[in-house]
Amino acid sequence: MRLTGVSPESGGTGLTVRTTLANPSTRPGLRLPGRVELVAGAVDVPVFHVRLGLVSMVEPDDPEAPRRLVQFHQAQVAESLVLGAGRARSIPFEFALPWETPVTTLGGVPLLSLRMGLRAEVAIEPAVDQGAMVPVFVHPLPTQQQVLAALAALGFTVRQAGLVDGRLPAVEQALPLHQRWGLWVGPVYAGPITELEVIFIANSAGLEVIFWCDRRLALAGITHTSISRFRVWHAGADRRDWASTVDGWLREAINRHAAAASHADWSAPITESAHVSRSPDEPIRPGFGPGGTAGGAGIGGGGGDGT
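Procedures and definitions
- Residues numbered from 1 in each chain as written.
- Predicted model: local features only at pLDDT ≥ 70, side-chain atom pairs only at ≥ 80, totals over all residues.
- Heavy atoms only, no water.
- Helix = DSSP H or I, 4+ residues; strand = E, 2+ residues; numbered from the N terminus.
- Buried < 20%, exposed > 50% of the residue type's maximum accessible area, 1.4 Å probe, protein only.
- Areas by Shrake-Rupley, 256 points an atom, 1.4 Å probe, with all protein chains shown as cover.
- Salt bridge = Lys/Arg side-chain N within 4 Å of Asp/Glu carboxyl O.
- Core = buried A, V, L, I, M, F, W, Y, C linked by side-chain atoms within 4.5 Å.
- Contact = heavy atoms within 4.5 Å.

**Concerning the overall build of the protein**
- A tally of helices and strands in the protein yields 2 helices and 21 strands.
- Counting the 307 residues in the protein, one finds 48% classified as buried.
- As displayed, the protein offers around 14300 Å² of accessible surface, 54% of which is attributable to carbon and sulfur atoms.

Printed below as a string of structure tokens:
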């Protein structure tokens, strides 16, 4: 399937910008092939650069503020050029998607709450012309898909998925935002927790899975929140018993959550605690290190995770 976005003529220059994707379906870490076509009007057009950017709606830190359109990743595909009157220029590209690119499609079905597009930006003095957005459909990485499938098998149901502005504390991230998956808790695990949020932070080596457990006592108007972190390699993901792995993560996270809750001051505001699954002789680090090495603990080459 090929998708194309065409901008209206840029004010005063008559320039038309057309962005075409050979295939809009992709995954984090892959390259998105396509081309930007520039067509000049009746006059020469000096172009200073052509850039591509990933754009999506993002929830702000302030819950009272409205959602806003954010360009969260960009790459330049052409430097300065002069497009002669009536002439056209085709610029091929392979746009590299970050490993942390949010997922917009699950089970082949687009998430209604999440829309993402690729937008061309053409710099023409004295303004910047932004072309029409071309939809991009991002499918989960195999490791992300396995975690979500295991949660579904254990009785959890995805209720929402959204993007949140800002980085997570003590977590190494490349993008200025992160994606949160909200799930209804499976019956077997209900009681100690009433809500579960899952956050994936990926790089070329592996995946960090963050479980954000929440227990709300509606009548009392109080809540307790805890955070547990687990890490796994991409390599060997197809040989792992994911139901057992995710069940172990959940039980560890819930046990910690219950233990912390029993010592909490329920008259106090929300509390948070963090934990990284690791082997006893390895230190905690805030994420996978550069160059595809694991900065986390408790994960081995084939997929051991210390749980």
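From this point on, the discussion continues.
**Thoughts on the pattern of salt bridges**
- Considering all chains together, one arrives at 10 salt bridges under this definition.
- Here Arg229 ties to Glu208 by a salt bridge, and the two come within 2.4 Å at their closest N and O atoms. You can see Arg229 sitting in strand β20 (residues 222-233) and its partner Glu208 sitting in strand β19 (residues 206-217), a full 21 residues away along the chain.
- Looking at Arg229, the relative accessible area reads 6%, which means it is buried.
- Between Asp247 and Arg251 there is a salt bridge, and its shortest N-O distance comes to 3.0 Å. You can see Asp247 and its partner Arg251 sitting in helix α2 (residues 242-262), 4 residues apart, about one turn around the helix.
- A single network of salt bridges, built from pairs that share partners, joins Glu208, Arg229 and Arg231.

**A look at the nonpolar core**
- Among the nonpolar cores identified, the biggest contains 66 residues, and Phe211 and Val246 are the most heavily contacted of them.
- If you tally residues by element for this core, the top one is α2, at 6 residues.
- When residues no more than four places from it in sequence are discounted, the contact partners of Val246 are Val147, Ala150, Leu151, Leu154 and Phe211.
- In terms of nonpolar packing, the next biggest core, distinct from the first, is built from 7 residues, Leu168, Ile199, Ile210 and Ile227 among them.

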